[in-house]
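Spelled out, the chains give:
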Amino acid sequence: MKKYQQKSLFAGLVGFLVCIFGVVIMAILAGQRLNYQIQADAALLINHVEAVDTEREKLLSALNALNYTQCDDTTLLAMRRALFDATYLIDIGFFKNDKLVCTAGNGLLATPLNDKAPDYIERDGVRVRFAPAFSLILFPERIMQAIIVRQHNYNAIIQPAKIDLHSVRAKNWQVFFKTKQTINHLTGVEGLYEKISSSMVLPYESLVVCSQVTPNYCVAVFSPWREYISQKSMLFLICLALCVLAGLSAGLLASYYMATKRSTWRRVRRGLYHQSFYWTYQPIIDLQTQQVIGCEVLARFKDKFGELAPDEFIPLIRKHQQTWVFTQAMVTTILNELSEASQLPDGFKVSLNIFPYDVQQGKLSELIQMPGLLASRFSICLEITEDEYLDSNIAHGHLQSLADAGFTLSIDDFGTGYSNLANLQNLSFHQLKIDRTFVQDIATAGLKASMIPYIMELVSKLGYTCVAEGIETQEQEAILKIAGVQFGQGWKYGKPMPIKQFKQFMSSKEKS
Ligand SMILES: Nc1nc2c(ncn2[C@@H]2O[C@@H]3COP(=O)(O)O[C@H]4[C@@H](O)[C@H](n5cnc6c(=O)[nH]c(N)nc65)O[C@@H]4COP(=O)(O)O[C@H]3[C@H]2O)c(=O)[nH]1
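Remember, predicted model here, so these are calculated numbers, not experimental data.

Participant: I tried to follow the state of the cysteines on my own but got confused; where do I start?
Facilitator: Where two cysteines share a covalent bond between their sulfur atoms, that bond is called a disulfide. Within this structure, the stated rule accounts for two disulfides. The disulfide that involves Cys71 links it to Cys102, with 1.9 Å between the sulfurs. With the S-S dihedral at roughly 100 degrees, the linkage between Cys71 and Cys102 falls on the right-handed side. Of this pair, Cys71 sits in the loop between helix 1 (3–65) and helix 2 (73–85) while Cys102 is found in strand 2 (residues 99–103), placing the two residues 31 residues apart along the sequence.

Next up, the structure:
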């Protein structure tokens, strides 16, 4: 797979993951909202169940406290008053010897009814019976569901339908009475509790809670996701679009990150430690004899993303103060390469580019100790560019010790930077290199070209040697020779080349 394909795949994957993450977060938030609604519904139902049972407890306890032993007018009046006060009870009955003898609705019964039904559930002296098909004595044709609660001498008939609530938002809910063995449906959707417990329901869409006040009374609420989503379809669409947008942005950010990972400085920094730099050699010739008397070492960069020109990496190395690391790598590499170059004569001049910053920092004194550099059979020339300011007071000592140790010092790119006569007089240089912009100006007889004689006057006054760089044509060479320039460098004689090629170049020169 190609690099850019891997990159796009990575960006796409990040986008996709962010999108999925967004959808999951959205689902959790929506689920919590849905569950909040369900909890509110369940609380409403439980409150009503508790209100019904509390009412039953209160009214029947009050009647029992009267201690009536038989059903006469006083008893019936008390029962009817209680029923009048009730919200949820639809009848109250009175028992004597476990037989229902009268009810608030029917009055005295002609035939007392036996109350030994087997389906009572006993709880704290209260017997609860669920009658799925119950008919009132007065209206036998009205078949209804009822809860019949017996409390000592009285019972109460509660019609569960009375606790149907319009304010419950969920369509599916059930109120039921739960014992260890049975689930007794009271009202709502019959079988809902069993459905929720047995079949697969999605997270957040269902809830079962039991009352703390009146234990055994429980509610089940179920609000399916699909209904919730269809109610809020617009909101969901907007959120989904936002998630996709977030995913896309994350994808773009990921590809941006990948791009910055490839940023020039990152590449250069990696290259410093992973051998992405290599050095090329450009011949320097004696303009009179046309003999190659030396070379300039010039750095090149190549990594898996491609090449970088010195104009791109040198300023970055300077900016991030990695100049000394870079120079050390250069010296180590070229010493290694040149040690095997038998084609080069003794005293061959090898010019190395040095950063003024390192001169200023006194780093260059380490070059004196660098094994094999001064001791080599070559004449080492240090070219110091003058495009960075060199404080002559600080630099003087350092340059002097380099000169004393045996290095030739050359001022590089003369005419482009901070050099002035005073600087040149104070510092211990041996050579001046005319910048190639001066040489290129010769063809058009420009201002810079007109300054070459003046530079040469300076050179002879200071006793320096002079190299002109960037010579491409015969015309340039001729004019520079007339001006007195001794040495030249440029494409006319040879471009910067890797060591192998340079050795071949030198061998061919030797033969000719
Ligand atoms: N158009 C034209 N150009 C020619 C000709 N002959 C040589 N050149 C180019 O002129 C530059 C001469 O190097 P410089 O002035 O030291 O200028 C160098 C030097 O200041 C710096 N540099 C390159 N390698 C190193 C290094 O290893 N260390 C340090 N400190 N600086 C380096 O980067 C600058 C640019 O290097 P390069 O791009 O290699 O550019 C080189 C060389 O390729 C020619 O006939 N025509």
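Participant: Would you mind going over the layout of surface pockets with me for this structure?
Facilitator: Which parts of space are left empty comes out when a probe the size of a water molecule is rolled across the atoms. Computed from the structure, the largest pocket encloses a volume of approximately 990 Å³. Around the largest pocket, the lining comprises 37 residues; the ones closest to its centre are Glu296, Leu298, Pro310, Asp311 and Arg436. The leading source of residues in the lining of the largest pocket is strand 13 (residues 292–303), at six residues. Here the lining of the largest pocket is composed, by residue class, of 17 nonpolar, eight polar and 12 charged.

Participant: Please clarify how the pairing of strand 2 should be interpreted in this entry.
Facilitator: Two faces, one strand: in a regular strand the side chains alternate between the faces of the sheet. Here strand 2 lies mainly inside the structure; four of its five residues are buried. Pairing of strand 1 (residues 89–96) with strand 2 involves four bridges; the strand directions are antiparallel. Pairing of Phe95 across the sheet is with Leu100, part of strand 2. Between the antiparallel neighbours strand 1 and strand 2 lie two residues, among them Asn97 with a positive phi of about 50 degrees. Pairing geometry for strand 2 and strand 3 (residues 107–114), over four bridges, is antiparallel. The residue of strand 3 that forms the bridge with Lys99 is Asn114.

Participant: Explain the site of the ligand to me, please; I cannot follow it from the model alone.
Facilitator: The environment of the ligand is made up of 25 residues, and the closest members are Glu296, Asp413, Arg436, Glu472 and Trp491. Asn353 has a polar side-chain atom sitting 3.0 Å from an oxygen atom of the ligand. Interatomic distance of 2.5 Å between a side-chain N/O atom of Glu472 and a nitrogen atom of the ligand. When the free accessible area of the ligand is taken as 790 Å², the share hidden by the protein chains comes to 89%. Comparing atom positions with the cavity grids shows the ligand to sit within the largest pocket. Those elements that provide at least two residues to the shell around the ligand are strand 12 (277–286), strand 13, helix 7 (310–319), helix 8 (323–338), strand 15 (349–354), strand 17 (408–414) and helix 13 (436–440). A per-element tally of the shell around the ligand places strand 13 first, with four residues. Its residues assigned to classes, the shell around the ligand comprises 12 nonpolar, six polar and seven charged.

Participant: Could you clarify how one ought to interpret the pattern of salt bridges in this entry?
Facilitator: Pairing between side chains of opposite charge can happen when the charged atoms of each approach one another. Counted under the stated rule, the structure contains nine salt bridges. Here Asp98 ties to Arg127 by a salt bridge, and the two come within 3.8 Å at their closest N and O atoms. Residue Asp98 is located in the loop between strand 1 and strand 2, and its partner Arg127 is located in strand 5 (residues 126–135); the two are separated by 29 residues in the primary sequence. When its relative accessible area of 28% is taken as the criterion, Asp98 is described as partly exposed. Note on Arg127: relative accessible area 18%, which makes it buried. Residue Asp346 pairs with Arg377 through a salt bridge whose shortest N-O separation is 2.9 Å. Taken together, the residues Asp346 in the loop between helix 8 and strand 15 and Arg377 in the loop between helix 10 (365–369) and strand 16 (379–385) connect sequence positions 31 residues apart. Judged by relative accessible area, which is 60%, Asp346 ranks as exposed. The network of salt bridges with common partners includes Glu296, Glu383, Lys433 and Glu469.

The rules behind the values
Residues numbered from 1 in each chain as written. Predicted model: local features only at pLDDT ≥ 70, side-chain atom pairs only at ≥ 80, totals over all residues. Heavy atoms only, no water. Disulfide = S-S within 2.5 Å. Helix = DSSP H or I, 4+ residues; strand = E, 2+ residues; numbered from the N terminus. 1 Å grid on protein atoms, 1.4 Å probe; cavity = no way out; pocket = protein on both sides within 12 Å on 5 of 7 lines; lining within 4 Å. Points joined across faces, edges and corners; volume = space filled by probe spheres on them. Nonpolar A, V, L, I, M, F, W, Y, C, P; charged D, E, K, R; others polar. Buried < 20%, exposed > 50% of the residue type's maximum accessible area, 1.4 Å probe, protein only. Pairing = 2+ DSSP bridges. Near = heavy atom within 4 Å. Polar contact = N/O pair within 3.5 Å; in protein donor to acceptor, adjacent residues only side chain to side chain. Areas by Shrake-Rupley, 256 points an atom, 1.4 Å probe, with all protein chains shown as cover. Sits in = over half its atoms within 2 Å of the grid points. Salt bridge = Lys/Arg side-chain N within 4 Å of Asp/Glu carboxyl O.

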